[in-house]
Amino acid sequence: NAGVTQTPKFQVLKTGQSMTLQCAQDMNHEYMSWYRQDPGMGLRLIHYSVGAGITDQGEVPNGYNVSRSTTEDFPLRLLSAAPSQTSVYFCASRRHGLYEQYFGPGTRLTVT
Amino acid sequence: EDQVTQSPEALRLQEGESSSLNCSYTVSGLRGLFWYRQDPGKGPEFLFTLYSAGEEKEKERLKATLTKKESFLHITAPKPEDSATYLCAGGDDKIIFGKGTRLHILP
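What follows concerns the overall build of chain B. Counting its regular elements, chain B contains zero helices and 11 strands. Going from the N terminus to the C terminus, chain B shows its helices and strands as β-β-β-β-β-β-β-β-β-β-β. Computed over C-alpha atoms, the radius of gyration of chain B comes to 13 Å, within 12% of the 13 Å expected from 2.2 N^0.38 for 107 residues, which places it in the range of a compact globule. Taken along the three principal axes of its C-alpha coordinates, chain B extends 40 × 30 × 20 Å. Counting only residues that meet the buried cut, chain B has 48% of its 107 residues in that class. The contacts in chain B between residues at least 6 apart in sequence include a share of 53% that link residues at least 24 apart. When the accessible surface of chain B is summed, it comes to about 5,400 Å², and 46% of that surface belongs to carbon and sulfur atoms. Computed over 14 positive and 16 negative side-chain charges, the inter-centroid distance for chain B is 1 Å.

Attention now moves to the interface of chain B and chain A. At the interface, 21 residues of chain B touch 22 residues of chain A. At the junction of chain B with chain A, the criterion picks out zero salt bridges. Taken together, the links from chain B to chain A amount to seven residue pairs in polar contact (both at pLDDT 80 or more). Taken together, the elements giving at least two residues each to the side of chain B that touches chain A come down to strand 4 (32-38), strand 5 (45-50), strand 9 (84-91) and strand 10 (95-97) of chain B.

Let us now look at the packing of aromatic side chains. Summed over the entire model, instances satisfying the criterion amount to 10 aromatic pairs over all chains. Aromatic side chains Tyr99(A) and Tyr51(B) sit 6.1 Å apart centroid to centroid with 65° between the ring planes, which places their arrangement in the edge-to-face category. Here Tyr99(A) is found in the loop between strand 9 (87-94) and strand 10 (102-103), whereas its partner Tyr51(B) is found in the loop between strand 5 and strand 6 (56-59) on a different chain. By relative accessible area, Tyr99(A) is classed as buried at 6%. With relative accessibility at 36%, the residue Tyr51(B) sits in the partly exposed group. Grouped by ring-pair contacts, the aromatic residues Tyr35(A), Phe90(A), Phe103(A), Tyr36(B), Phe46(B) and Phe97(B) constitute a single cluster.

Moving on, we come to the pairing of strand 5 of chain B. Residue and element names in this part refer to chain B. Of all six residues in strand 5, five are buried, a share of seventy percent or more. As defined by bridge partners, strand 4 adjoins strand 5 across five bridges and the pair is classed as antiparallel. Bridge pairing in strand 5 places Phe34 opposite Thr49. Counting the residues between successive antiparallel strands, the hairpin from strand 4 to strand 5 contains six residues, one of them, Gly41, with a positive phi of roughly 80°.

Quick look at the environment of Thr67(B) now. Residue and element names in this part refer to chain B. Tracing the backbone through its elements, the reader meets Thr67 in the loop between strand 7 (62-66) and strand 8 (70-75). Given the relative accessible area of 35%, Thr67 is considered partly exposed. Separated by 19 residues in sequence, Thr67 and Phe48 have C-alpha atoms that sit 15 Å apart. Excluding anything up to four places from it in sequence, Thr67 contacts Tyr25 and Ala53.

What counts, and where the lines are drawn
Residues numbered from 1 in each chain as written. Chains lettered and ligands numbered in written order. Predicted model: local features only at pLDDT ≥ 70, side-chain atom pairs only at ≥ 80, totals over all residues. Heavy atoms only, no water. Helix = DSSP H or I, 4+ residues; strand = E, 2+ residues; numbered from the N terminus. Rg over C-alpha atoms; globule rule 2.2 N^0.38 Å. Buried < 20%, exposed > 50% of the residue type's maximum accessible area, 1.4 Å probe, protein only. Contact = heavy atoms within 4.5 Å. Areas by Shrake-Rupley, 256 points an atom, 1.4 Å probe, with all protein chains shown as cover. Lys, Arg positive; Asp, Glu negative; His and termini not counted. Charge placed at Lys NZ, Arg CZ, Asp CG, Glu CD. Salt bridge = Lys/Arg side-chain N within 4 Å of Asp/Glu carboxyl O. Polar contact = N/O pair within 3.5 Å; in protein donor to acceptor, adjacent residues only side chain to side chain. Phe/Tyr/Trp six-rings, centres within 6.5 Å; stacked < 30°, edge-to-face > 60°. Pairing = 2+ DSSP bridges.

What follows is the structure in structure tokens.
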């Protein structure tokens, strides 16, 4: 049971490039979320999903897209990277009706 | 606007010196109030869920309490290994976090 996995662990992008951060969980959790964490800003919710085919915006959704075609995967797409998107990105999952979120190890993204 | 505010931002204690961390919240549709611990370079780790005012939860040297407007994380006789950032969060489908309290326990 791997829990929540994220790839890559580190990534450097140039301004304007696009990329997808991968997140997968093997716990059959319905809920999945993406957060970004910046120094002094805590965790901010980007997008979340309550089940396959259903996604919704969080606190800071601009510049990011998500989709949820399967229960296991919840990729986060950066369409045109900007330096303001330099951050550590965490994916989390939990079971419906429970609030214990399991977090992945994070992806550290730098946009130059 | 939904908001979770934590204080203090940072706290340094001597080993054995008890204290409390505060979390105040205004979150529409709040279903629960949650506490997490985060060690440097790692994802947050779940500690507690509190559902209603008056509820208390305990784990080792930590006790979380909840009122209608705020939550406290009490740390009793802390040890250096309790040093971490403690995060408070609230919500239902959408869960938002405060900025955290960085706790440092000196031996």
